[in-house]
Amino acid sequence: MITIALSKGRIFEETLPLLAAAGIVPSEAPESTRKLIIGTNQADVQLIIVRASDVPTYVQYGAADLGVAGKDVLIEHGGQGLYQPLDLEIAKCSLMVAVQNGFDYAEAVKQGARLRIATKYTEQAKEHFASKGVHIDLIKLYGSMELAPLVGLADAIVDLVSTGSTLKANDLVAVEHIRDISSRLVINQSALKLKQARIQPMLDAFTTTVNSRK
Ligand code: ATP
Ligand code: MG
């Protein structure tokens, strides 16, 4: 059996065409079932539906052989036990620093102010501000980061931005780009060796599809 870990929503949707290129078609959509294990047209391939941030953990421990995870999630996780052979170039966005309109971020940085940063991405926030020599107090959040500056919880947030419409709707503005984000294929290192005959053709089909889009 080959088990593939995916999260609901954009990653599932954007992985479907890649799976199809490898001849894999899920028998149900995660949105229309409560099942967390979803079969496919291939008797020996199943999908498991997990939180986006849990995908690396399932693959690391071999509970899933393969998975699809954002670079944001992989950097926070650390990537131990994971082979990351392919950037799938899906679920693209950017990790950015954002503040409420009217907060003079550049001036605060220039004056050496200590900044309160709310984020789910604590490792990347620490690294980013350390590299700029900015001292921060980190406030760990699990979602709705956009709210934090509006209610005085933080001076700035570190969050994913794609169109910017969520920032705009909440009177926030992006002030720094930390990195471009996309999702990668991750493979359990021992599964790749033990199940190479089944996994390699999938990897080849994904690679061909990704390259054909360039
Ligand atoms: P959860 O909903 O389980 O708390 P999440 O909000 O991070 O987790 P999603 O919103 O489905 O989960 O995001 C999954 C992945 O998709 C992220 O890890 C990131 O790589 C990517 N992503 C997140 N937001 C965007 C966006 N606005 N545009 C494109 N890709 C995004
Ligand atoms: Mg979400």
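Everything that follows concerns the structure shown earlier in this document.
This report concerns the structure included in the present document. (Residues numbered from 1 in each chain as written. Chains lettered and ligands numbered in written order. Predicted model: local features only at pLDDT ≥ 70, side-chain atom pairs only at ≥ 80, totals over all residues. Heavy atoms only, no water.)

With respect to the helices and strands, the residue S94 is situated in strand β6 (residues 93–100). S94 sits in the buried class, given a relative accessible area of 13%. A polar side-chain atom of S94 sits 3.5 Å from a polar atom in the side chain of H177. A distance of 3.5 Å separates polar atoms of two side chains, one belonging to S94 and the other to D180. Contact partners of S94, with chain neighbours within four places excluded, come to D159, L160, V161, H177, R179, D180 and I181. (Helix = DSSP H or I, 4+ residues; strand = E, 2+ residues; numbered from the N terminus. Buried < 20%, exposed > 50% of the residue type's maximum accessible area, 1.4 Å probe, protein only. Polar contact = N/O pair within 3.5 Å; in protein donor to acceptor, adjacent residues only side chain to side chain. Contact = heavy atoms within 4.5 Å.)

Packing of helix α1 (residues 10–21) against helix α9 (residues 196–212) brings their axes to within 8 Å, and their N-to-C directions diverge by 120 degrees. Taken together, the axes of α1 and α9 lie oblique to each other. The hand of the α1/α9 crossing is right-handed. Across the interface between the two elements, L18, L19 and A21 from α1 touch A205, F206, T209 and V210 from α9. Tallied by class, the residues present in the contact of α1 with α9 amount to six nonpolar, one polar and no charged. (Axes fitted to C-alpha atoms, helices over the stretch in contact; angles between N-to-C directions. Parallel < 35°, antiparallel > 145°, perpendicular 65-115°, else oblique. Left-handed = near helix turned anticlockwise from the far one by under 90°. Nonpolar A, V, L, I, M, F, W, Y, C, P; charged D, E, K, R; others polar.)

Here the focus is the sheet that holds β6. The strand order across the open sheet built from five strands is β8-β7-β9-β6-β10, with neighbouring strands paired in mixed fashion. Single-partner strands in this sheet number two, and they are β8 (136–140) and β10 (172–181). Neighbouring strand axes in the sheet, compared pairwise and without regard to direction, differ in orientation by 30 degrees on average. As judged from the five bridges shared by strand β7 (residues 115–119) and β8, these two strands associate in the parallel manner. Each residue of the ladder has a partner; that of A118, found in β8, is I139. Here helix α5 (residues 122–132) sits on the sheet in contact with β6, β7, β8, β9 (156–161) and β10, set at roughly 170 degrees to β8. (Pairing = 2+ DSSP bridges.)

Here the focus is the pairing of strand β4 (residues 66–70). In terms of burial, β4 is largely enclosed, as five of its five residues are buried. Covered by surrounding structure in β4 are L66, V68 and G70 together with G67 and A69, the residues of both alternating faces. Note that strand β1 (residues 2–6) and β4 share two bridges and pair parallel. Across the sheet, I4 pairs through a bridge with L66, a residue of β4. As paired elements, β4 and strand β11 (residues 183–188) share five bridges and run antiparallel to each other. Along β11, the bridge assignment pairs V68 with L185.

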